[in-house]
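Residues per chain, in single letters:
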Amino acid sequence: MSEVGRREIVFLYDTVYSNPNGDPNDENKPRLDDESGHIFVTDVRLKRTIRDYLKDVMGKEVYIYEEVNEETGLRVSKKNRLKKDFANDPFEALKRCIDLRLFGATFAIKKEEKKNKRTSSKKEKDATPEVSEEPAEDSEEQDNNCDLKALGPVQFRFGKSLHAVKLQYIKGTTVMPSGEGKKVGTFTDKWVVPYALIAFYGMVNGLAAERQKLALAPEDLDDMYKAMWYGTKDLFTTSKSQSPMLLVEVKYNQDDYFIGDLDRMLSLKADVNDESIRDTKDYVLDVTEFVNALSEHADKIQSVRVQQNPLFRTVYAGEEKPLKEILEQLGFVVESFPFEG
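All figures in this text were calculated on a predicted structure; none of them were measured in a lab.

Chemist: Where do I start with the pairing of strand 15 (residues 301-308) in this structure?
Modeler: Every other side chain in a regular strand lies on the same face of the sheet, so the side chains alternate between the two faces. Most of strand 15 sits out of view: 7 of its 8 residues are buried. Bridging between strand 12 (residues 242-252) and strand 15 involves 7 bridges; their strand directions are antiparallel. Residue V250 lies in a different strand from strand 15, and its bridge partner there is V304.

Printed below as a string of structure tokens:
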């Protein structure tokens with residue numbers, strides 16, 4: 001059994017009159033599935049929330065973040081960051097940076113640089129790998145260019161709302177004029193979601209970490225969960241107004257076993273139609289199918305960790321009670337995350 005083991009993650013947060021993940025190719029509107037009416041949020045947006053909190057609040061060394069060169073005013077590229085802070089050594093970056101241990105990365109060297117590496121030790125030292133946030137899909141081009149690929153042992157699917165939403169277009173004005181000689185302010189506009197409950201599903205694969213010699217530790221996961229919860233809570237801006245509602249980690253006693261798709265076993269029971277939901281008071285989360293699935297595989301589950309917002313209501317078999325209490329009554333080993341709500 002690996003130190004980290006196999007784990008599944010379910011994370012729910014709500015957003016109120018904000019834009020949880022704008023699409024730059026569509027007027028920065030919230031990303032909407034036109035068929036279902038549900039919005040979705042990319043895994044990159046969640047990882048950015050985690051990285052920002054890990055670095056800015058917890059003081060962890062993070063590889064992928066926005067850094068500006070003080071002399072030029074331009075953003076520092078991932079390629080130059082590897083050269084500047086890690087002596088062009090991707091293994092050192094993987095060792096030191098918590099986000100790379102969690103989510104992985106691809107470090108690639110172009111063909112001509114590879115040729116230089118084979119013919120000159122000096123050029124080998126100067127060659128700068130290209131770095132991608134996520135490992136690329138297998139392809140002939142990747143095989144030709146990629147020297148090191150670390151597939152992150154922690155992966156998330158896109159998050160999506162558990163109910164249909166209706167986007168709203170809001171216009172406003174600014175007090176200050178947009179230029180010299182103008183007497184009045186300018187108009188502003190933005191797209192928002194009045195309310196959405198968004199669910200993310202994730203997987204932790206300890207074997208993947210060991211195979212790739214990524215020194216991922218249980219403490220790294222604890223830091224990630226803290227950053228996920230508090231980072232979501234702290235992301236309070238003119239475009240973001242979010243609150244974490246539920247975080248569940250299911251830890252298995254076998255490296256190669258997991259139930260899968262736990263987020264699909266959750267459903268909303270609302271007192272109003274989906275597009276009219278505006279608050280946690282308007283619905284409860286039905287966890288009956290979710291809990292029953294855990295019960296069917298209880299012999300494979302080592303423990304469950306639960307963090308639940310007091311404002312968030314869950315119901316099992318028609319009875320409303322906190323998820324932790326439901327699981328404890330069914331005999332599960334239920335633990336708390338190492339942080340308060």
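And the narrative resumes.
Chemist: Explain the pairing of strand 12 here, please?
Modeler: Within strand 12, 10 of the 11 residues are buried, which leaves the element mostly enclosed by the surrounding structure. Strand direction decides the pairing type here: strand 1 (residues 6-18) and strand 12, joined by 9 bridges, are antiparallel. Bridge assignment links Y13 to a residue of strand 12, and that residue is P244.

Chemist: Would you explain the nonpolar core in this entry?
Modeler: Generally speaking, nonpolar side chains in soluble globular proteins are found buried as a group. Formed by 49 residues in total, the largest nonpolar core has its most connected members in M224 and Y225. Here this core takes 7 residues from helix 9 (residues 218-234), the largest share from any one element. Within the second largest apolar cluster, 35 residues are counted, among which are M245, L266, I277 and F332.

Chemist: What is the right way to look at the packing of aromatic side chains in this model?
Modeler: Pairs of aromatic rings are described using the distance from one ring centre to the other and the angle between the two planes. In the structure shown here, the tally under the stated rule is 15 aromatic pairs. Judged by centre distance (5.8 Å) and plane angle (40°), the ring pair of F11 and Y13 falls under tilted. Residue F11 shares its accessibility class with Y13, and that shared class is buried. Residues F11 and W229 carry aromatic rings whose centres are separated by 6.5 Å and whose planes lie at 55° to one another, so their mutual orientation is tilted. Of this pair, F11 sits in strand 1 while W229 sits in helix 9, placing them 218 residues apart in sequence. For the pair formed by F11 and W229, the shared burial category is buried. In textbook terms, an aromatic cluster arises when at least three aromatic residues are bridged by ring pairs, as seen for F11, Y13, Y53, F200, Y225, W229, Y230, F337 and F339. Over the ring of W191 we find K29, and its NZ or CZ is 4.5 Å from the ring centre. Of note, K55 hangs over the ring of Y65, and the distance from its end group to the ring centre comes to 4.5 Å.

Criteria and thresholds
- Residues numbered from 1 in each chain as written.
- Predicted model: local features only at pLDDT ≥ 70, side-chain atom pairs only at ≥ 80, totals over all residues.
- Heavy atoms only, no water.
- Buried < 20%, exposed > 50% of the residue type's maximum accessible area, 1.4 Å probe, protein only.
- Helix = DSSP H or I, 4+ residues; strand = E, 2+ residues; numbered from the N terminus.
- Pairing = 2+ DSSP bridges.
- Core = buried A, V, L, I, M, F, W, Y, C linked by side-chain atoms within 4.5 Å.
- Phe/Tyr/Trp six-rings, centres within 6.5 Å; stacked < 30°, edge-to-face > 60°.
- Lys NZ or Arg CZ within 6 Å of the ring centre and 35° of its normal.

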